[in-house]
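# Breakdown of the fold
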Amino acid sequence: MNILFVSHSGKMSGGANRSLVSLMVGLREQYGVVPSVLIPEKNSALEALCRSLGIDVYFAKYHRCCTVYHREFRDVLRAAKIYVAPVLDYFLARKISRTLPADIDLIYTNERMIVIGGYLARLRGVTHIWHVRSYGRENKTVYPAGYNRIMKHYADRIILISKALYHSLSKYMPAAKMRLVYNGVRLEDYALQKKTHTGYRLLLTGRIVPQKGQDEAVRAFEILTHHWGVGDAELFFAGEIPDYEDRKYITKLKQQIHACGLEQHVHFLGEVTDMRALRACMDVELVCSWCEAFGRVTVEAMCAGLPVIGTDSGGTAELILDGQTGYLYPHGAPDVLAERIYFFYCHRETAQQMGACGLARAKQHFSMERTCACVYQVIQELLEEEAC
């Protein structure tokens, strides 16, 4: 079976494209699927990785149909763009289709923010799967009015990566089209033997944007150092500032850190390519996102044997077993987060035991093999329906 996967971006900094590559490779290895990928830009990290893996790459200039408002005049332009984008792509689809191979059996859109995959599938008369990996308004991402109707009309199946995300879209989509498939990771890419290091190290992985909650982690870290008197702790942020984000948030973060006198204890690492090596030097991973659709970094940390402290919201609450593989805390409560960190600081053996339980849970529920099996089952359902 030849499947064309449609990506929303050529970047590898977020979890969506990393999950996409793992899915393409897994379906090829486990079920003999022949994957190819359509990317909206040339000379990207995704292109380089796919070519190294022997996956055919195609290019076309299509558009994202979402934005994040910044409470400034340019929000008017952003709004206009997201309303125009689905219309432009509708007319571009026929031109793009002519550049693609004729033997595509199924089109698979990776992420909700692009519509071109649905249009191409309809033109080709093939099945279309829409893999939704992110929230909309719950995470302050804005889509044009009527966008859910486009998804409902052009998707034969919609895959959701958490119960929370499933519930969010169930108000707009028929249950017959929706399937819950938890994200998976290649366990061997993240499993490690922990190295010894001095001090106490906390890690938060994710893009430097308000939704990821770095500011809340800093407030908790201030309480940890100033109230609880922990002087040998360090906080590390691993992640880039995306192109669409202005510098206001990072500036505010650094001002916050300076005001607390924590410049020597809080570190911005930027985009990190070797997360396995970085996590080997960490004690605890924090997930402070206020509404994570799934939380790939949570599972990666579990695979590394790290206990995780995360917000009791979105997909994060489904991944962490509170008091068994880590702790949950209410979003907006940095004092509670600080208490959880302090507990692990004082009870290192318990933290290690929880990390081991997290690793066992990741192996059982969040392996890439399991995810590929579930996705392939959805594909088989559609093929059987077509045959009837």
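Residues numbered from 1 in each chain as written. Predicted model: local features only at pLDDT ≥ 70, side-chain atom pairs only at ≥ 80, totals over all residues. Heavy atoms only, no water.

## Quick notes on the sheet that holds strand β5 (residues 127–132)
What counts here: Pairing between strands is defined by DSSP: at least two bridges between them are needed. Strands here are runs of E lasting at least two residues and helices are runs of H or I lasting at least four, both read from the DSSP assignment and numbered beginning at the N terminus. Angular values range over 0 to 180 degrees, each being the angle between N-to-C directions of two axes fitted as lines to C-alpha atoms, with helices fitted over their stretch in contact. Contacts are assigned to residue pairs with any non-hydrogen atoms lying within 4.5 Å of each other.
In space, the 7 strands of this open sheet follow the order β3-β2-β1-β4-β5-β6-β7, with parallel pairing throughout. Among the strands making up the open sheet, the edge pair consists of β3 (56–59) and β7 (178–180). Geometrically, the sheet is characterised by an average inter-axis angle of 25 degrees between neighbouring strands, direction not taken into account. Bridge count between strand β4 (residues 106–110) and β5: 5 bridges; the pairing is parallel. Residue Leu106 lies in a different strand from β5, and its bridge partner there is Thr127. The strands that helix α1 (residues 15–31) touches are β1 (2–7), β2 (34–39), β4 and β5; relative to β1, the one it contacts most, it runs at about 175 degrees. Sitting on the sheet, helix α5 (residues 147–154) is in contact with β5 and β6 (157–160), with an inclination near 135 degrees to β5.

## A few points about the pairing of strand β8 (residues 200–205)
As a reminder of what qualifies: Relative accessible area decides the class of each residue, using a 1.4 Å probe on protein chains only: under 20% of the type maximum gives buried, over 50% gives exposed, and in between gives partly exposed.
Counting buried positions along β8 yields 5 of 6 residues, so the element is predominantly enclosed. Relative to strand β9 (residues 233–238), β8 runs parallel, the two sharing 6 bridges. Across the sheet, residue Leu204 finds its bridge partner in β9, namely Phe237. Of the strand pairs in this sheet, β8 and strand β11 (residues 284–287) are connected by 3 bridges, and their pairing is parallel. What sits directly across from Leu203, in β11, is Glu285.

## Looking at the packing of aromatic side chains
Note the following rule: Each aromatic pair joins two rings of Phe, Tyr and Trp (for Trp, the six-membered one) with centres within 6.5 Å, and gets the label stacked for planes under 30 degrees apart, edge-to-face for over 60, and tilted for any other angle. Criterion for a charge above a ring: Arg CZ or Lys NZ at most 6 Å from the ring centre, at most 35 degrees from the ring normal.
Counted by the stated rule, this structure contains 16 aromatic pairs. Taking 5.2 Å as the distance between ring centres and 40 degrees as the angle between the ring planes, the aromatic pair formed by Phe237 and Phe268 counts as tilted. Of this pair, Phe237 sits in strand β9 while Phe268 is found in strand β10 (residues 266–270), placing the two residues 31 residues apart along the sequence. For the ring pair Tyr327 and Phe343, a centre distance of 5.7 Å and an interplane angle of 90 degrees mean the geometry is edge-to-face. With a gap of 16 residues between them, Tyr327 in strand β13 (residues 326–329) and Phe343 in helix α12 (residues 334–346) connect regions that are remote in the sequence. With relative accessibility at 15%, the residue Tyr327 sits in the buried group. Using a relative accessible area of 28% as the deciding quantity, one classes Phe343 as partly exposed. Through pairs of rings, three or more aromatic residues link up here, namely Tyr90, Phe91, Tyr119 and Tyr154. If you follow Arg112 out to its NZ or CZ, it ends over the ring of Tyr143, 5.0 Å from the centre.

## Regarding the pattern of salt bridges
Let me state the cut-off plainly: A pair is scored as a salt bridge if a Lys or Arg side-chain nitrogen falls within 4 Å of a carboxyl oxygen belonging to Asp or Glu.
Under the counting rule described, the total for this entry stands at 17 salt bridges. One salt bridge in this structure joins Glu300 and Arg18, with 2.6 Å as the shortest N-O distance. One end of the pair, Glu300, is in helix α10 (residues 296–303); the other, Arg18, is in helix α1, with 282 residues separating them in the sequence. Residue Glu300 is classed as buried on the basis of its relative accessible area of 1%. Across the salt bridge formed by Arg279 and Glu285, the nearest N and O atoms sit 2.8 Å from each other. With a relative accessible area of 1%, Arg279 lands in the buried category. The exposure class of Glu285 is buried, given its relative accessible area of 0%.

## Details of helix α14 (residues 368–387)
Applicable threshold: A helix is expected to span 1.5 Å multiplied by its residue count minus one.
Between its first and last C-alpha, α14 extends 28 Å over 20 residues, near the 28 Å set by a 1.5 Å rise per residue. Along its buried surface, α14 packs onto β1, α1, β4, β5, β6 and β7.

## Here we look at the nonpolar core
Within soluble globular proteins, side chains that are nonpolar generally end up buried alongside one another. The criterion, for reference: Nonpolar core, defined: a set of buried Ala, Val, Leu, Ile, Met, Phe, Trp, Tyr and Cys residues in which side-chain atoms within 4.5 Å join the residues together.
Leu38 and Trp130 are the most contacted members of the largest nonpolar core, which has 65 residues in total. Ranked by residue count, the leading element in this core is α10, at 5 residues. If we skip the residues at most four places from it in the chain, Leu38 touches Leu4, Phe5, Val6, Ser7, Tyr58, Phe59, Ala60, Tyr62, Ile96, Leu100 and Leu120. Core analysis: the second largest hydrophobic core is formed by 35 residues, Val230, Leu235, Phe237 and Met354 among them.

## Considerations on unusual backbone geometry
With the exception of glycine, most residues fall at negative phi, and the peptide bonds are largely trans. With a phi close to 60 degrees, Arg71 is a non-glycine residue in the positive phi region. Looking at Arg71, the relative accessible area reads 84%, which means it is exposed. Here Lys140, not a glycine, exhibits a phi torsion of approximately 65 degrees, which is positive. The topology assignment puts Lys140 in the loop between β5 and α5.

## Points about the environment of Met113
Along the polypeptide, Met113 turns up in the loop between β4 and α4 (116–124). Residue classification places Met113 among the buried residues on the basis of a relative accessible area of 11%. The spatial distance from the C-alpha of Met113 to the C-alpha of His63 is 8.6 Å, given a sequence separation of 50 residues. Not counting residues up to four positions away in its chain, the partners in contact with Met113 are His8, His63, Arg64, Cys65, Cys66, Ser134, Tyr143 and Tyr147.

## Concerning the environment of Gly125
With respect to the secondary-structure elements, Gly125 resides in the loop between α4 and β5. Sequence spacing of Gly125 and Ala164 is 39 residues, and the spatial spacing of their C-alpha atoms is 32 Å.

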